Amino acid sequence: MSIDLTFGGRVKVPLIVAPMFLTSNPPMAIAACSRGVIGSYPAHATRTREIFADWLVETEEGLSQYDSPAPFAVNLVVHPTNERYPGDLELCAKHKVPIILTSKGAPEDAFGRIHEWGGVAFHDVASARHAEKAVAAGADAVIAVCAGAGGHTGTINPFALINEIREVTDKPIILAGGMSTGRDILAAQAMGASMGYFGTRFIATEECLADEEQRRIMIECTAKDVFFSAALDGAPANWLRPTLIEAGLDPDDIPAYSKGMSVINPKKMEGRYTRIKSAGHGVGMIKSVERTSDLCDQIILEYEVAKTEFGKFIGAPGQVSAAPAV
Ligand SMILES: Cc1cc2nc3c(=O)[nH]c(=O)nc-3n(C[C@H](O)[C@H](O)[C@H](O)COP(=O)(O)O)c2cc1C
């Protein structure tokens with residue numbers, strides 16, 4: 001059964017503001033949903049289940065102030081190594097969280113439980129094999145995390161990954177990695193994706209948990225400052241070079257890959273996500289601190305303009321034209 005990704009017309013632009021550890025929070029999610037964009041946060045960003053429960057109540061109360069806001073989403077690490085997972089899942093069931101963004105593992109029982117309360121599950125994947133397994137287990141859509149994404153990243157080019165995923169499933173694909181504008185969302189749709197998934201673009205927003213220093217770094221950095229390595233914590237990830245240097249690490253001395261886990265002194269790794277910041281290749285598009293609602297409105301407008309411009313550009317079958325420089 002295909003799902004309605006507009007959620008009854010409440011989603012005004014096919015976009016999810018992606019969950020970001022120590023960055024996303026209920027105010028940011030509420031602001032996004034209020035403008036018709038799906039907002040989210042990770043359950044594991046809360047230190048305890050009690051705080052997670054408070055976040056869910058805050059989100060529900062915040063959204064109740066608006067007419068037809070977009071639905072919100074929670075990111076759950078559905079893997080046995082996450083001790084909080086079964087209890088957090090039950091809390092989501094109690095609150096009937098509309099969308100669960102699942103990552104790691106792809107357990108059938110988790111997808112089954114989410115469907116029982118009427119929720120939908122979108123699962124993070126970095127390869128066609130992951131996508132095949134997630135869909136077989138019951139995921140409603142896959143989030144294709146490509147090279148250039150913030151946080152733990154994929155390593156495959158988006159064209160290549162979408163094409164390979166399309167060979168194994170016809171479920172919706174949500175594209176992630178380096179996307180920043182409404183035009184990027186339209187481009188993703190032209191590639192065969194249904195929605196975009198933006199993390200980095202929202203790091204410097206007013207509502208989120210980023211502090212002044214983090215916002216300043218985000219504004220100053222561009223794609224050339226993004227440093228890829230799986231050697232920091234064992235998983236492929238993108239980090240900001242200046243923050244590695246500030247933490248006493250030499251990026252030129254850190255290998256891209258290492259066998260098994262981190263090769264970095266654990267003391268220095270303690271600052272991961274606090275002192276050592278993560279961002280994706282799209283970081284250069286952050287020019288100032290903005291309100292989440294304004295940024296969402298801007299992206300909606302960009303998407304609409306891009307649709308109009310490309311409508312003219314596409315022309316009749318057989319007609320070849322140059323892309324407009326919008
Ligand atoms: C600072 C930061 C923290 C992140 N934390 C999480 C997380 O806790 N859970 C998760 O599923 N993804 C996390 N991500 C990845 C995002 O959800 C998303 O896949 C990514 O930001 C998309 O790529 P983009 O940053 O280039 O837009 C994080 C990304 C960033 C930048």
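From a predicted model like this one, the values you see are computed outputs, not experimental measurements.

1. As for the environment of Thr 59
So, step 1. Following the sequence through the fold, Thr 59 ends up in helix α2 (residues 49–63).
So, step 2. For the pair Thr 59 and Ala 29, spaced 30 residues apart in the sequence, the C-alpha separation amounts to 7.6 Å.
So, step 3. What Thr 59 contacts, discounting residues up to four positions off in sequence, is Pro 26, Ile 30, Tyr 41 and Phe 72.

2. Some words on the domain arrangement of the chain
So, step 1. Looking at the assigned domains, one finds that the chain contains domain 1 (15–209 + 289–314) and domain 2 (212–269).
So, step 2. For domain 1 versus domain 2, the distance between C-alpha centres works out to 24 Å.
So, step 3. Both faces considered, domain 1 and domain 2 share a buried interface measuring about 920 Å² in area, 57% of it formed by carbon and sulfur atoms.
So, step 4. The largest share of the area that domain 1 buries against domain 2 comes from His 152, Thr 153 and Ile 203, three residues that together contribute 42% of it.
So, step 5. Inspection of the domain 1/domain 2 interface yields 0 salt bridges.
So, step 6. Across the contact surface, domain 1 and domain 2 share 7 residue pairs in polar contact (both at pLDDT 80 or more).
So, step 7. Residue classes in the side of domain 1 that touches domain 2 are distributed as 5 nonpolar, 7 polar and 1 charged.

3. Notes on the sheet that holds strand β8 (residues 173–176)
So, step 1. The 8 strands are arranged β1-β9-β8-β6-β5-β4-β3-β2 in an open sheet whose pairing can be described as parallel. Only two strands of the sheet have a single partner each, and these edge strands are β1 (15–17) and β2 (40–42). Between one strand and the next, the sheet's axes are offset by a mean angle of 25°, whatever the strand orientation.
So, step 2. Two elements, strand β5 (residues 120–125) and strand β6 (residues 141–145), share 4 bridges in a ladder whose sense is parallel. Looking at the pairing, His 123 lines up with Val 142 of β6.
So, step 3. Together, β2 and β3 (73–77) form the strand contacts of α2, whose direction differs from that of β2 by roughly 175°.

4. With respect to the packing of aromatic side chains
So, step 1. In the structure shown here, the tally under the stated rule is 3 aromatic pairs.
So, step 2. With 5.1 Å between their ring centres and 90° between their planes, Tyr 41 and Trp 55 make a pair best called edge-to-face. One end of the pair, Tyr 41, is in strand β2; the other, Trp 55, is in helix α2, with 14 residues separating them in the sequence.
So, step 3. Take Trp 55: its relative accessible area is 12%, and that puts it in the buried class.
So, step 4. Put simply, the rings of Tyr 41, Trp 55 and Phe 72 touch in pairs and so form one group of aromatic residues.

Each value, and the rule that gives it
- Residues numbered from 1 in each chain as written.
- Predicted model: local features only at pLDDT ≥ 70, side-chain atom pairs only at ≥ 80, totals over all residues.
- Heavy atoms only, no water.
- Helix = DSSP H or I, 4+ residues; strand = E, 2+ residues; numbered from the N terminus.
- Contact = heavy atoms within 4.5 Å.
- Domains from an automatic or database assignment.
- Buried area = accessible area lost by both parts, 1.4 Å probe.
- Salt bridge = Lys/Arg side-chain N within 4 Å of Asp/Glu carboxyl O.
- Polar contact = N/O pair within 3.5 Å; in protein donor to acceptor, adjacent residues only side chain to side chain.
- Nonpolar A, V, L, I, M, F, W, Y, C, P; charged D, E, K, R; others polar.
- Pairing = 2+ DSSP bridges.
- Axes fitted to C-alpha atoms, helices over the stretch in contact; angles between N-to-C directions.
- Phe/Tyr/Trp six-rings, centres within 6.5 Å; stacked < 30°, edge-to-face > 60°.
- Buried < 20%, exposed > 50% of the residue type's maximum accessible area, 1.4 Å probe, protein only.

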